[in-house]
Amino acid sequence: MTPDEYLPLLTKRLDSAQKRIALNRRYSTGNAPMPEMGQNTKASWVAFQKKARTDFGGLTCRSLAGRIIPNGVRVGETSTGAGVLAARKIWRDNRLGVVFADAIWNMLSVSRGYLVTGVRDGLPIITSELPEQVITIPDPVQKWRARAALRAWRDTETGFDHAWVRIPGVQQNYIRKSAKANGMTRDTVSGTDWEQYGPPQLHDGGVGVFVLDNYLDVAEFEPHIDIIDRINMGKLNRLVITAMQAFKQRAIKGGLQKTDEDGNDIDWAGMFEPAPGALWDLPEGIDIWESAPTDIRPLLEGEKEDARDFAGTTQTPIDVFIPDGQNQSATGAANSQKGEISKAKDRIERAAAGMSAAMLDALRIMGLDDGSTVDVLFEAPAHVSLNEKMLAATQAKAAGMSDRWIARNIMNMTPDEIAENEADLADQGLSALLAGVSSGATIG
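Because the structure is predicted, anything quoted here is derived from the model rather than measured.

Reading guide: rules and limits
Residues numbered from 1 in each chain as written. Predicted model: local features only at pLDDT ≥ 70, side-chain atom pairs only at ≥ 80, totals over all residues. Heavy atoms only, no water. Helix = DSSP H or I, 4+ residues; strand = E, 2+ residues; numbered from the N terminus. Expected span 1.5 Å × (residues − 1). Buried < 20%, exposed > 50% of the residue type's maximum accessible area, 1.4 Å probe, protein only. Arc of directions from axis to C-beta. Contact = heavy atoms within 4.5 Å. Axes fitted to C-alpha atoms, helices over the stretch in contact; angles between N-to-C directions. Parallel < 35°, antiparallel > 145°, perpendicular 65-115°, else oblique. Left-handed = near helix turned anticlockwise from the far one by under 90°. Nonpolar A, V, L, I, M, F, W, Y, C, P; charged D, E, K, R; others polar. Lys, Arg positive; Asp, Glu negative; His and termini not counted. Salt bridge = Lys/Arg side-chain N within 4 Å of Asp/Glu carboxyl O. Polar contact = N/O pair within 3.5 Å; in protein donor to acceptor, adjacent residues only side chain to side chain.

Caption draft 1: Seen up close, helix α10 (residues 386–398). The terminal C-alpha atoms of α10, which comprises 13 residues, lie 18 Å apart, in line with the 18 Å expected from a rise of 1.5 Å per residue. Of the positions making up α10, those classed as buried are K389, A392, A393 and A396. Considered in projection along α10, the buried side chains sweep an arc of 105° and stay on one side of the axis. In α10, the exposed positions that point more than 90 degrees away from the buried face belong to N387, L391, T394, Q395 and A398. If you follow the buried residues of α10, they end up packed against α11 (403–409). Once α10 finishes, G400 follows within two positions and takes phi at roughly 95°, a positive value.

Caption draft 2: Representation of the packing of helix α3 (residues 56–65) against helix α5 (residues 96–110). In contact at an axis separation of 10 Å, α3 and α5 are set at 140° when each is read in the N-to-C sense. Classified by the angle their axes make, α3 and α5 are oblique. The two elements α3 and α5 cross, and the hand of that crossing is right-handed. For the pair α3 and α5, the contacting residues are G58, C61, R62, L64 and A65 in the first and W105, L108 and S109 in the second. Of the residues contributing to the contact of α3 with α5, the split by class is five nonpolar, two polar and one charged.

Caption draft 3: Highlighting the side chain of R166. Relative to the elements of secondary structure, R166 occurs in strand β6 (residues 160–167). No salt bridge is formed by the buried R166, whose closest oppositely charged neighbour, D361, lies at an N-O distance of 6.1 Å. Here T117 takes part through its backbone oxygen, which lies 2.9 Å from a polar atom of the side chain of R166. A polar contact is formed between the side chain of R166 and the backbone oxygen of G208, at a distance of 3.5 Å.

Caption draft 4: Region of the structure containing the side chain of E379. Considering the arrangement of structural elements, one finds E379 in the loop between β13 (374–378) and α10. Within the structure, the side chain of E379 is placed 3.0 Å from the side chain of K389, a separation counted as a polar contact. In this view, E379 contacts R67, I69, N71, I348, V384, K389 and N412; residues no more than four positions away in its chain are not counted.

Rendered as structure tokens:
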């Protein structure tokens, strides 16, 4: 198939994905749909409902993303070859620590991230693209590779929509006006009025678009959106009850006369208006009734139970949602993290395939694909904090592991950092030796 033949197919697929992507974006950015909404809802009630939302989806993704940290690349078995040096330069020039982190975030929060390789000024460039703008037809064997891909975006400054379709060896660009013939702004990508924008661009290799697919092709929180809705609804109910406590219902018992001696209506509500320091002289036999406050503690406990349910189903440590949960034993804290660590290992394997493929494609652009294996390296998900790393390093040293192995697999140092550390240690040893010799000479 040609790019022109793929264009209508891919644009329809991108349009059909927008609703789900937009919903996941809302849940992962603290903007979840509000409960009890109607077409005629007043603005004051909407503003009140906004206070009932908690960013459980975003917290889940951020917690897991904190254990999926790319920190380098390995090419083959050597640390000094041309491919290694080029890969380090690609990493540095493209700021891949940030680019890969963005793609991982999209994978966790929307279900899919995209990496696109290209050429700028003769050098490879790797970018993370929004799922709202990119769609692929995946390779049936290796899902992280694409048989065809589309990227579409709007240039609000010029009033034109742009798109390109890539197939192996070819990229065709397209353009159209952002507004329809009747002047209405387009709200879909699909349409028959896309026009070719320039001749086809030829290149070596494949499509150059790589997919980071999350487990089961869903966002981390997506199967559990009902629980988030339940938590937000419970919080809304608590806030409503709490707000109503400030406006307690009061009544006068005993039967007050409605008019005075002259037949004028008596405004008892105005006379008995509550105020600081107010004293009321009630007629004999008259009493005031006041509604009892509602105990909101069961609602608070219910919110915590819902948070625990959500933590259990998403394998997220409970202290992410309930901060006082961190006041537990070290063993309890470690056990609560096991599920997230296991999940992080799985997500690393899924993300690494597309990321390593993007790095390999960048090396191919530079003419340095010699068949060596290219691996993107990650920090160990079980040892993210410095304390965790130091404890694990001490235990590994006692078990007889080499310093290089500890530096690479526990401290998660890049090859450059390992070389720099070894050079520093050598300088430190030489300085200590010279200081000892100098001290000995002085004593003598």
